[in-house]
Amino acid sequence: MTTADTFSDLDTGKRSKRAGTSRSLASILLNFPYGLALAWLVIATVLLWTLVPGLFTAYDPLQGVPGGQLKAPSAAHLLGTDSLGRDLFSRIVHGAVHSLSGAIAAVGVGLVVGTGLGLFAGSVRGRVDEIIMRFVDVLLSIPTLLLSLSIIILLGFGTINAAIAVGATAIAGFARLMRSEVVRVRNAEFVEAAFGSGGTFGKVLWRHILPNSLTSVVAYTAVQFGWAILQISTLGFLGYGAPPPTPEWGLLIAEGRNYLATAWWLTAAPGLVVVAVVLSANRISQSIGKTNGRSA
Amino acid sequence: MSRYVVGRIGQALLVLWAAFTLSFILLQAMPGDAVLIKFLNPEFGLSADQIREIRAAYAIDSGLLVQYANTFANFLQGDFGYSMQAGVPVSAQLATNLPPTLKLAGLGFLAATILAVFIAFLSTMAPFAWLKNLIQSLPSLFISVPVFWLAIMLIQIFSFRLKLVSVINPGPWESVVLPVATLAVPIAAPLAQILIRNIDEIRTRPFVPVARAKGASEIGILWRHVARNAILPVLTIAGVLFGELLAGAVVTETVFGLNGIGGLTEKAVSNQDLSVLQAVVVISAAAFVTINLAVDLAYPLLDPRLRTRNGATA
Amino acid sequence: MTPYRKILALSLGLLAATALPALTRAADAPVKGGTLVYLEQQAHTNLYSPAGGFYPNGGILNQITDKLTYQNPKTLEIEPWLAESWQINENATEYTFKLRSGITFSDGTPVDAAVIAKNFDTYGLGDKALKKPISEVVNNYERSEVIDPLTVKFYFKKPSPGFLQGTSVIGSGIVSLSTLALPFEQLGDATKIIGSGPFVVAAETIGKTLDLKVREDYKWGPAKLEHQGRAYLDEIKYIVTGEDSVRIGALLAGQADFIRQIQAYDEGQVEAQSFTIYAPGTRGMNNSIAFRPDNPLLADVKVRKALSLAVNRDEIISTIFSKNYPKATSVLASTAIGYVPQTDKLEFDLEKAEALLDEAGFKAGSDGIREKDGQKLVLTAYASLPQPQSQAVLQLIAQQWSKIGVKFNVLAGDAGSKVVDELDPLKTPIAVAMVGRADPDVVKSLYYPTLRNQLLQQGGTSDKVKTFSDAKLNAILDEIASQPDREKRLKAVADAQAYVLDQAYAVPIFEEPQAFAGAPYVKGIAFEAVGRPSFYSTWLDK
């Protein structure tokens with residue numbers, strides 16, 4: 001994502017003055033990070049959906065009730081029913097596991113391969129660094145969506161394959177961030193000191209470089225997580241996502257859009273869920289970025 | 001300096017060639033091929049022998065290396081081949097589809113910049129902390145909305161419900177308003193975040209109170225300094241955002257039914273129209289490489305600190 | 001089942017108009033002029049006439065090309081068009097057509113016997129040098145002969161009883177010699193298609209828009225049509241708009257006049273706003289799912305029968321469709337030539353289905369899915385993009401089959417993977433099928449190994465088929481395509497319907513219409529026999 005280079009040091013060092021003031025109840029109430037709490041709440045709820053969907057809904061997400069199709073939201077069906085009479089709320093709840101595992105897998109691919117490349121390039125420097133970073137440029141120069149679609153056609157359709165396709169496009173961002181972090185940390189005085197006191201490269205890497213570059217990578221991962229959900233849903237929209245009747249969120253939005261004229265909630269509801277989750281992931285990422293700013 | 005320039009250009013060409021090769025390998029590995037997809041369409045009712053003959057006529061089964069060499073040589077001469085699905089030369093398709101996308105992307109980027117500046121300044125002028133927080137979280141909201149969903153919603157609301165703009169047979173302005181808005185929203189987000197950070201930073205600098213004491217308005221001070229400081233990050237992001245713009249174009253063009261490179265790409269992928277895809281990759285890679293090259297070369301000119309550093313190393 | 005509701009209503013209206021002259025008539029008199037904005041779901045692919053079976057292609061070709069004969073969509077009789085009259089020998093191996101004089105292509109060249117001969121030489125034999133395939137509507141073609149400038153004769157190697165109807169379809173649209181000389185791959189460019197039709201291609205943005213202009217000097221429409229002379233409209237603007245919600249929204253918001261492919265769930269609100277739904281039937285093979293018996297899971301007729309018995313058509317239609325989608329009662333549509341109802345072979349009976357699966361040796365496994373010798377009864381099919389709500393239909397069938405312990409996976413793939421996988425009976429044991437054509441040859445088109453080969457027999461395009469071939473079926477299909485005697489031919493059509501369902505090779509679901517919607521002021525829309533629009537007599541009442 002494009003925020004890669006910008007967000008990690010967002011808002012750094014701007015709230016140091018608050019320390020030490022006496023905390024009245026009012027100031028606690030005022031300063032309580034409601035947004036952040038809400039973000040965690042959203043993520044927690046969605047995680048619960050993936051673990052125990054049965055707690056939230058009694059309807060079957062795959063088996064519809066013929067004759068009960070395209071019902072408007074009501075007490076019985078909180079978000080109405082789709083064209084085959086399936087309860088939309090149930091599909092969203094049960095879909096969480098597909099959408100989230102897809103996003104996690106995608107970010108995992110980008111994280112492992114990308115940081116691996118970046119770490120290596122930043123550590124060894126020189127010609128190898130040049131070659132790796134030019135390769136990353138090549139990855140960046142191929143339009144992400146085109147790359148994803150090609151990979152899906154190559155691997156075949158399915159939630160995991162879509163995740164890999166999205167993950168592949170995230171590699172470049174992770175590699176660039178990791179390399180710049182490694183280079184930054186490497187040039188720091190304490191690392192040079194560690195080298196000076198006879199530390200081997202591997203030890204320095206493990207003890208100093210890695211831990212010090214980790215925070216921003218973690219924050220970036222959170223952003224990427226939200227971004228991956230969006231990308232997977234875009235693939236679903238273009239017809240390259242999970243195969244139906246999987247209640248994956250992107251697919252729900254994509255299928256629901258055909259009914260906009262008659263049942264707008266079919267696409268609006270899953271759309272808002274995606275917005276809420278991605279927004280929460282970004283908010284949490286920002287808070288990680290802030291702690292990073294304070295500690296560094 | 002000139003050695004640095006030549007080196008960067010060389011690197012750029014290398015990246016371009018690598019992108020060509022990588023995409024060639026990727027595309028050739030796809031199952032099925034455009035000839036099969038087109039002619040196996042049962043509407044034609046072709047026999048196995050007839051399809052074999054057609055494949056031979058298109059020389060689709062010649063060796064990979066031969067095909068690679070041919071394609072590469074043709075590309076060097078500016079010949080992008082024939083689109084199997086549309087039945088027209090790829091260059092003709094590009095000629096009709098590239099200008100609308102460039103227009104869309106250019107206007108989208110412009111709108112995004114304006115929107116970002118607007119948000120950044122609004123947030124500094126907000127009288128209450130909660131309002132400031134709210135405005136500052138707008139960029140996060142912007143990148144959280146699926147682009148295709150936004151596009152569909154905008155059409156429903158502004159075109160079909162409020163009947164403000166026509167999406168079918170639109171006038172020259174009508175045709176760009178909604179697509180540009182759709183495209184601008186996700187791109188404005190990172191720009192706005194940079195600007196907000198810049199403004200916060202500048203406000204803490206010592207010269208601000210001095211200038212204010214001299215009677216300058218705060219907005220005026222911010223405007224002068226932010227504008228100068230924001231050019232570099234905006235340029236950097238412009239390079240990275242190009243791919244994003246194209247991805248956005250695929251979606252917006254699909255939803256709004258515009259002709260352009262995005263829509264062309266989407267169709268070519270589904271029909272595995274390799275010559276079209278190859279051309280799209282090379283063109284967008286060329287654009288990416290050129291923009292980044294330009295940004296890299298422009299950096300030292302815009303930022304004196306970098307000039308000395310680069311001058312020293314290159 | 002009301003495929004021609006609108007036309008019927010219109011002709012009733014006309015009847016009323018003639019009965020009550022003067023006043024009503026003046027109000028209903030067609031107005032010349034205006035532009036029709038037509039939203040098409042998909043872009044055209046290729047405008048080689050035989051490729052006109054694809055609806056976006058056919059929808060354009062039908063306005064810019066004329067045919068030798070005209071098939072009356074109501075009576076299905078063949079009437080004169082470019083040909084004034086014709087003779088057929090007893091064996092249906094020789095056809096002689098006498099042409100109307102004074103017809104020209106839009107580039108000014110005359111439509112004479114030589115051009116017609118060249119057209120059918122191409123359609124009947126293909127053109128290898130120009131990579132043009134043979135038309136599926138011209139069977140057993142041998143050669144042509146120009147008798148005089150206005151008389152042309154065609155010879156066939158074997159009887160070809162379907163040829164006369166074949167001359168009336170969009171796939172036999174007549175184009176100029178210059179168009180015939182172009183290689184296949186250049187026919188995607190509509191501006192290069194020179195026909196003699198009521199409209200001419202004026203401009204095109206490939207994949208996006210197409211502008212047609214009226215031909216002022218057009219005076220050779222089908223002789224028995226009431227409307228003669230130039231078309232009423234000045235222009236037609238085709239705009240490709242893939243999004244369903246945008247097409248329907250634009251129509252209702254007054255941004256478009258006429259749209260193709262409106263889904264059943266939108267019909268209610270279209271009619272509520274007094275817009276008109278047109279749902280002409282396609283008079284061919286019904287929308288159905290076909291089994292590939294080469295796949296070992298489906299080799300046993302009992303299994304196929306059981307699957308057929310477990311499909312609940314009424315539920316599919318009431319859940320997904322509307323009254324414009326009649327329930328299938330055979331593999332052929334009830335409006336098709338040679339239709340014989342087969343309702344006794346198309347029952348819904350879950351108990352019988354389960355009994356048959358038990359008999360076939362498929363017993364319920366631990367996960368509820370039936371299995372035999374460790375092989376689970378798991379089937380797969382791709383949804384078919386051009387078919388209405390194919391995805392939903394297949395998902396509903398999957399739900400219905402899950403009740404008898406069968407798992408059915410529905411895939412949505414890119415065009416490429418779908419084409420390749422559908423040739424492999426192991427990957428896609430089931431395929432969605434449908435063909436529209438108002439001639440019994442359509443049965444052969446769908447099932448014959450060298451044609452669409454829907455059942456994947458040996459001898460077709462696929463090299464993945466191991467053993468399956470049904471000589472008896474193919475013999476019946478051959479009979480349909482080459483039996484000159486009408487009665488015997490219809491008998492073969494009846495046999496084919498019964499045989500396909502006895503073997504449970506296919507499960508017909510519904511009679512597939514082409515669904516269009518138009519603004520209230522759009523009048524005089526007509527459809528050819530297979531549901532492609534003709535805008536020749538269309539006018540705008542505004």
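What you see is a predicted model, and the numbers here were worked out from it, not measured in a lab.

Rules behind the numbers
Residues numbered from 1 in each chain as written. Chains lettered and ligands numbered in written order. Predicted model: local features only at pLDDT ≥ 70, side-chain atom pairs only at ≥ 80, totals over all residues. Helix = DSSP H or I, 4+ residues; strand = E, 2+ residues; numbered from the N terminus. Buried ≥ 20, exposed ≤ 12 C-beta atoms within 10 Å, placed from the backbone. Contact = placed C-beta atoms within 7 Å. Expected span 1.5 Å × (residues − 1). Bend = angle between axes of the 7 residues up to and from the residue. Nonpolar A, V, L, I, M, F, W, Y, C, P; charged D, E, K, R; others polar. Domains from an automatic or database assignment. Pairing = 2+ DSSP bridges. Core = buried A, V, L, I, M, F, W, Y, C linked by C-beta atoms within 7 Å. Axes fitted to C-alpha atoms, helices over the stretch in contact; angles between N-to-C directions. Left-handed = near helix turned anticlockwise from the far one by under 90°. Parallel < 35°, antiparallel > 145°, perpendicular 65-115°, else oblique.

## As for the overall build of chain A
Across its full length, chain A holds eleven helices and zero strands. Walking chain A from its N terminus toward its C terminus, one meets helices and strands in the order α-α-α-α-α-α-α-α-α-α-α. Of all 296 residues assigned to chain A, the portion counted as buried reaches 54%. Long-range pairs, those at least 24 residues apart, make up 70% of the contacts in chain A between residues at least 6 apart in sequence.

## Observations regarding the environment of His98 of chain A
All names here are of chain A. Tracing the chain through its elements places His98 in helix α4 (residues 88-124). Residue His98 is classed as buried on the basis of its C-beta count, with 22 C-beta atoms lying within 10 Å. In sequence terms His98 and Trp249 are 151 residues apart; their C-alpha atoms lie 8.1 Å from each other. Ignoring anything within four residues of it in the chain, the contact list for His98 reads Thr159, Ala242, Thr246, Pro247 and Glu248.

## Structural notes on helix α9 (residues 174-203) of chain B
Here α9 of chain B contains 30 residues, and its C-alpha end-to-end distance of 40 Å stays within 8% of the 44 Å for a straight helix at 1.5 Å per residue. Residue Ala188 of chain B marks the point of greatest curvature in α9 of chain B, where the axis turns by about 35°; the proline Pro190 of chain B follows within four residues.

## Re the interface of chain A and chain C
Each side of the interface is counted separately: chain A has 22 residues, and chain C has 24 residues. Tallied by class, residues from the side of chain A that touches chain C come to twelve nonpolar, nine polar and one charged.

## Focus on the domain arrangement of chain C
Residue and element names in this part refer to chain C. As assigned here, chain C comprises domain 1 (3-279 + 515-540) and domain 2 (285-510). On a C-alpha basis, the centres of domain 1 and domain 2 stand 31 Å from each other. Counting residues at the interface gives 28 residues for domain 1 and 23 residues for domain 2. Sorting the residues of the side of domain 1 that touches domain 2 by element identifies α5 (163-166) and α8 (264-272) as the ones contributing at least two each.

## Let's talk about the pairing of strand β4 (residues 83-88) of chain C
Residues and elements named next belong to chain C. Of the pairings in the sheet, the one linking β4 to strand β5 (residues 94-99) comprises five bridges and is antiparallel in character. In the sheet register, Ser85 faces β5, and the bridge partner there is Lys98. Between β4 and β5, which follow one another and run antiparallel, lie five residues, and Ala92 among them has a positive phi close to 60°.

## Some remarks on the nonpolar core
Counting residues in each nonpolar core, the largest one holds 324 residues, and the members touching the most others are Ala106 of chain A, Ala151 and Ala188 of chain B together with Ala381 and Val443 of chain C. Not counting the four nearest positions on each side in its chain, Val443 of chain C is found in contact with Met285, Leu332, Leu477, Ile480, Val493 and Ala496 of chain C.

## Notes on the sheet that holds strand β8 (residues 199-205) of chain C
All names here are of chain C. The mixed open sheet is built from seven strands, whose spatial order is β8-β9-β10-β1-β11-β21-β12. Here the strands that pair on one side only, and so sit at the sheet edges, are β8 and β12 (276-278). When strand polarity is set aside, the average angle formed by the axes of neighbouring strands in this sheet is 20°. Bridge count for strand β1 (residues 35-40) against strand β10 (residues 235-240) is six bridges, and the pairing is parallel.

## What about the packing of helix α5 (residues 126-141) of chain A against helix α7 (residues 159-187) of chain A?
All names here are of chain A. At a minimum axis separation of 9 Å, α5 and α7 run at an interaxial angle of 145°. Every pair of crossing elements has a handedness; the one defined by α5 and α7 is left-handed. Residues Met133, Val136, Leu139 and Leu140 of α5 lie in contact with α7, whose contacting residues are Ile171, Ala172, Ala175, Arg176 and Arg179. Looking at the contact of α5 with α7, its residues break down into seven nonpolar, no polar and two charged.

## Points about the sheet that holds strand β7 (residues 151-156) of chain C
Residues and elements named next belong to chain C. One open sheet holds the four strands; their spatial order is β4-β5-β7-β6, and the pairing between them is antiparallel. Edge strands, defined here as strands with exactly one partner in the open sheet, are β4 and β6 (141-148). When the angles between neighbouring strand axes are averaged without regard to direction, this sheet yields 20°. As paired elements, β5 and β7 share five bridges and run antiparallel to each other. Note that in β7 the partner of Glu94 across the bridge is Tyr155. Packed on one face of the sheet, helix α4 (residues 113-125) meets β5, β6 and β7 and runs near 180° to β6.

## Brief notes about unusual backbone geometry
Residue and element names in this part refer to chain C. Even without being a glycine, Gln389 presents a positive backbone phi close to 45°. Following the sequence through the fold, Gln389 ends up in the loop between β17 (378-382) and α12 (390-402). Of note, the phi angle at Asn453 is positive, near 50°, even though the residue is not glycine. Looking at the element boundaries, Asn453 is found in the loop between α14 (441-447) and α15 (471-482).

## Looking at the interface of chain B and chain C
Between chain B and chain C, the contact holds 45 residues from the first and 45 residues from the second. Listed by contribution, the elements that provide at least two residues to the side of chain B that touches chain C are α2 (34-39), α3 (48-57), α5 (90-125), α8 (147-161), α11 (218-256) and α12 (261-271) of chain B. Of the residues that constitute the side of chain B that touches chain C, the class distribution is 22 nonpolar, 19 polar and four charged.

## Focus on the packing of helix α3 (residues 34-51) of chain A against α4 of chain A
Geometrically, a packed helix pair is captured by the angle between its two axes and the distance between the axes. All names here are of chain A. Where α3 meets α4, the closest approach of the two axes is 7 Å, and the angle between their N-to-C directions is 100°. As summarised for this structure, α3 and α4 are arranged roughly perpendicular, according to the angle between their axes. Between α3, through Val46, Trp49 and Thr50, and α4, the contact on the second element is made entirely by Val93, Ala96, Val97 and Leu100. Residues of the contact of α3 with α4, tallied by class, amount to six nonpolar, one polar and no charged.

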